[in-house]
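For reference, the chains in residue letters:
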Amino acid sequence: MRLHRFIGDYDFSKKEIEIVDSKIIKQIKAVLRLEKKDSLILSDDKGNNAEVILDFVSSNKITGIISKIDKKDRPMRKVNLYLAILKKENFEIAVQKAVEAGVSEIIPVITERTIKTGLNTERLKKIILEASEQSGRSFVPTLSPILKFEDALVNGNKAQERIIFHPTGNSYTPNKEAENISIFVGPEGGFTEKEISLARDSGYTIASLGILVLRAETAAIIATYRVVKGI
């Protein structure tokens, strides 16, 4: 049976652990309706995952006994998604699914064709956390500050491999040796020719995800998954 997972600032140095976060308590008690002797997974966002058997459940405190701890290393491949800001729902979907696909960092980008330039960062961080818990991740991806396209290119150039996904590029071929990769996905209207030219001059590979025209949020999800998996 798959156990429910919660990621937070937990201390696993003692046998018993206490949960006092009101939001998590509500989720455990009122939504999931877990009770004494039920089990769950707590993760400290540092790779440590503890299986906990609940021994006390109330409306303001939950305690449990740690039955075992599992240590996970960070994934060898770090994928940084530079995603043009989309309409609210579309951007949130792209972020959520990119987290489930294994992204390491999400950097919102303002491009020439970006229409919406503001973001609710607190809501996005909540979406990232919940997607990390749902997909069983031991490390929560980072949401970085918004960058203008030119600045994003400079920032992304620190990676071993740099890719701009655009329909005019050649079919994407994974570099399975690269451990740090920057990928760029454009807005609803796509990147401009000026931006593509600037990216090419900056050392980026222009790559296509296939012959079909994808929505921006779909492209972000597929691109992330393929690069993370190296397929």
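Chains are numbered independently. Their residues run from 1 in the order of the written sequence. For a predicted model such as this one, the threshold for reporting local features is a pLDDT of at least 70, and the threshold for listing and counting side-chain atom pairs is 80 or more; totals across whole chains, interfaces and linings nevertheless cover every residue. Side-chain numbers here rest on the full set of heavy atoms in the structure, without hydrogens or water.

Caption draft 1: Geometry of the nonpolar core. Residues belong to a common nonpolar core when they are buried Ala, Val, Leu, Ile, Met, Phe, Trp, Tyr or Cys residues joined through side-chain atoms within 4.5 Å. A 1.4 Å probe rolled over the protein chains alone gives each residue an accessible area, and that area as a share of the maximum for its type sets the label: buried under 20%, exposed over 50%, partly exposed in between. Among the nonpolar cores identified, the biggest contains 28 residues, and L81, F165 and I183 are the most heavily contacted of them. In DSSP terms, a helix is any run of H or I states spanning at least four residues, a strand is any run of E spanning at least two, and both are numbered starting from the N terminus. For this core, the elements supplying multiple residues, two or more each, are β6 (78–84), α2 (88–101), α3 (121–134), β10 (161–171), β11 (180–185) and α6 (216–229). The criterion used for residue contact is that any of the two residues' heavy atoms lie within 4.5 Å. In this view, F165 contacts Y172, I183, F184, F191, A207, L209, A223 and V227; residues no more than four positions away in its chain are not counted.

Caption draft 2: Molecular detail of the sheet that holds strand β1 (residues 5–7). Reading across the sheet, the five strands line up as β1-β3-β4-β5-β2 and stay open at both edges, with mixed pairing between neighbours. Here the strands that pair on one side only, and so sit at the sheet edges, are β1 and β2 (16–19). This sheet shows a mean twist of 40 degrees between the axes of neighbouring strands, independent of strand direction. Strand pairing is defined by DSSP finding a minimum of two bridges between the two strands. Each axis is a line fitted through C-alpha atoms, taken for helices only over the stretch in contact, and angles between the N-to-C directions span 0 to 180 degrees.

Caption draft 3: Geometry of the environment of D151. Among the structural elements, D151 can be located in helix α4 (residues 149–156). Owing to a relative accessible area of 45%, D151 belongs among the partly exposed residues under this scheme.

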